[in-house]
Amino acid sequence: MASKSADAVTNPRGIPTAPFVEKVEDYIATRADVEPALLKFQEMISKYQFMEVNTQRRAVSLRDKIPDIQKTLDTVRFLKVRKDSDEPFETNFELNDTLYAKASVKAGEEVYLWLGANVMLSYSVAEAEELLQGKLAAAKESLENCEEDLDFLREQITTLEVNTARLYNWEVVQKRKEKEAGGSEK
């Protein structure tokens, strides 16, 4: 059912719902209206595909970040447990993907968190844990939203592809009717 109000409907993050053409006759009046409608649908498909690619990139980025945040949170929790201990503990820490260093660490009252863009801040252990829990929850929620959006976008692309096929098929039928009508007059 093609309705003008369908253009105003969006998903929770503001992505518009594609119109569904149930009856082509209700959507277009003449064969001359087919080409502009097909072009409009192609443009909408391109926009949805663009949104899909960007959402996929965001989801990949979040899938990479979530384990890092979890690992940092686990480390902060370990330091929280060890902060009352006077004796240092030995650990290996990652300098980069293939390089580790061994260190003797005494758990203290503060930790330094790397925020990116050459920024590192000092937090109390409790503040760091709270911050990381919030960041982890936000990242997981954002990933769920990305996955919902990807499903929604795929559904909208499919709807528009079906609409395109319906319009094209309707135009072919109309051409045949015109050809038969023109051929029977001879």
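First, a word on scope: everything that follows refers to the structure included in this document. Each chain carries its own residue numbering, running from 1 in the written order of its sequence. Local features in this predicted model are restricted to residues whose pLDDT is 70 or higher, and side-chain atom pairs enter the listing and the counts only when it is 80 or higher, whereas totals over whole chains, interfaces and linings include all residues. Excluding hydrogens and water, the side-chain figures rest on all heavy atoms present in the structure.

Turning to the packing of aromatic side chains, a few remarks are in order. Pairing of aromatic rings covers Phe, Tyr and Trp, the last through its six-membered ring, and needs centres within 6.5 Å; plane angles under 30 degrees mean stacked, over 60 mean edge-to-face, and all others mean tilted. Applying the stated criterion across every chain, the model contains two aromatic pairs. Centroid distance Tyr-27 to Phe-41: 5.6 Å. Interplanar angle 25 degrees. Geometry classified as stacked. Residue Tyr-27 is found in helix α1 (residues 24–27), and its partner Phe-41 is found in helix α2 (residues 34–82); the two are separated by 14 residues along the sequence. Burial classification: accessible surface area is computed with a 1.4 Å probe over protein chains only, and a residue below 20% of its type maximum counts as buried, one above 50% as exposed, and the rest as partly exposed. Look at Phe-41 and you get buried, because its relative accessible area is 0%. Geometrically, the ring pair formed by Phe-78 and Phe-89 is edge-to-face, given 5.1 Å between the ring centres and 90 degrees between the ring planes. Taken as a pair, Phe-78 in helix α2 and Phe-89 in strand β1 (residues 89–96) lie far apart in primary sequence, eleven residues in all. Under the scheme used here, helices are H or I runs from DSSP no shorter than 4 residues and strands are E runs no shorter than 2 residues, and both carry numbers assigned from the N terminus.

On to the pattern of salt bridges, then. For salt bridges, the criterion is a side-chain nitrogen of Lys or Arg within 4 Å of an Asp or Glu carboxyl oxygen. Under the definition given, this model contains twelve salt bridges. With a closest N to O distance of 3.0 Å, Arg-13 and Glu-148 form a salt bridge. Taken together, the residues span a long stretch of sequence, with Arg-13 in the segment before α1 and Glu-148 in helix α3 (residues 125–184) at a distance of 135 residues. Judged by its relative accessible area of 33%, Arg-13 is partly exposed. A residue is classified by how much of its surface remains accessible, and Glu-148, at 44% relative accessible area, is partly exposed. Residue Lys-80 is joined to Glu-129 by a salt bridge in which the shortest nitrogen-to-oxygen separation is 2.7 Å. Placement of the pair is Lys-80 in helix α2 and Glu-129 in helix α3, with a sequence separation of 49 residues. Taking relative accessible area as the criterion, Glu-129 reaches 11% and is therefore assigned buried. A single network of salt bridges, built from pairs that share partners, joins Arg-13, Glu-148 and Asp-149.

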